[in-house]
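An overview of the molecular structure
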Amino acid sequence: MFKYQFRWDTVWGSFDFLMGGLQMTLVISAITLVLAMLGGLIIALLDMSRFRLLRWIGISIGEVVRNTPILVQLLWVYYVLPIVFGVRIEALVALIIGLALYQASFISEVYRSGIQSVPKGHREAAQVLGLTPFQSFNRIVLPQAIRMTLPPLASNFVQLIKFSSLGAVISVSEITRRGMELSATNFRPLETFTFIAVVYFFICWPLAMAIRFWERRLQAR
């Protein structure tokens, strides 16, 4: 029979400590999303380049990153890059770099599908109007592609919030790491990590529901 005596007061007594970790989690996720969106666009443009070398570079980056575990990539950035370049990398910086690169490889596919879904006639019309290729991409193609890729990009933000918990492995003081530190002192992992799981759920679930509603609205249009 389950006779465990719950002590939720150990969690409430450290509520501010855990919420400080949650704030770090959200900041990491927001910064990483911005970097991943920029990196994803660069990789997508490389993938679609008319130059074989650039196309090969973009495809190679995407395939390598998408087909290796994100945890291994984070450990590689944190432990290997300092050896290769001879510079010290803070755990927080390593986490942001690793997550941004990982998400950028997936976001690049979202961008690429969005760009390729823009009707070819729109590009031809831009050429008829005398727009340069850059102007055509910037004014005609990119705005339409972004509109179609916004829901998948929002989904990536939800994933980033969850992936940020991997920072606990390299001692980044986000909410999961703080939960590990707290449970090591109060010896109450059940209450601590249950509370953290509930916090993640009440952040990610409303976002996921909003994204689904958003996608239905776009489809209806």
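Residues numbered from 1 in each chain as written. Predicted model: local features only at pLDDT ≥ 70, side-chain atom pairs only at ≥ 80, totals over all residues. Heavy atoms only, no water.

1. Some words on the overall build of the protein chain
The number of helices and strands found in the protein chain is nine helices and zero strands. Reading the helices (α) and strands (β) of the protein chain from amino to carboxyl end gives α-α-α-α-α-α-α-α-α. The C-alpha atoms of the protein chain give 21 Å as radius of gyration, which overshoots the globular expectation for 221 residues (17 Å, by more than 25%). Seen through its C-alpha atoms, the protein chain measures out along the principal axes to roughly 75 × 50 × 30 Å. Taking all 221 residues of the protein chain together, 37% fall into the buried category. Across the protein chain, the fraction of contacts at a sequence separation of at least 24, relative to all contacts at a separation of at least 6, is 76%. (Helix = DSSP H or I, 4+ residues; strand = E, 2+ residues; numbered from the N terminus. Rg over C-alpha atoms; globule rule 2.2 N^0.38 Å. Buried < 20%, exposed > 50% of the residue type's maximum accessible area, 1.4 Å probe, protein only. Contact = heavy atoms within 4.5 Å.)

2. Quick notes on the nonpolar core
Ranked by internal contacts, the top residues of the largest apolar core, which has 17 residues, are Ile28, Ile70, Ala94, Leu95, Leu99, Ile170 and Val172. Counting residues per element, the ones that place at least two in this core are α2 (15-47), α4 (70-85) and α5 (91-116). Of all the elements, α5 adds the most residues to this core, at six residues. Once residues lying within four places of it in the same chain are set aside, the contact partners of leucine 99 are Ile28, Thr32, Ile70, Leu74, Leu160, Phe163 and Ser164. (Core = buried A, V, L, I, M, F, W, Y, C linked by side-chain atoms within 4.5 Å.)

3. As for the pattern of salt bridges
With the rule as written, the count across this model stands at seven salt bridges. Its salt-bridge partner being aspartate 9, residue arginine 7 comes within 2.8 Å of it at the nearest N-O pair. Residue arginine 7 is classed as partly exposed on the basis of its relative accessible area of 38%. Assessed through its relative accessible area of 43%, aspartate 9 is described here as partly exposed. For glutamate 63, the salt bridge identified is with arginine 66, shortest N-O distance 3.3 Å. Residue glutamate 63 and its partner arginine 66 are located together in helix α3 (residues 52-66), separated by three residues, close to a single helical turn. The exposure class assigned to glutamate 63 is partly exposed, which follows from its relative accessible area of 40%. Bridged by salt links that share partners, the residues Glu63, Arg66, Glu109 and Arg112 form one connected network. (Salt bridge = Lys/Arg side-chain N within 4 Å of Asp/Glu carboxyl O.)

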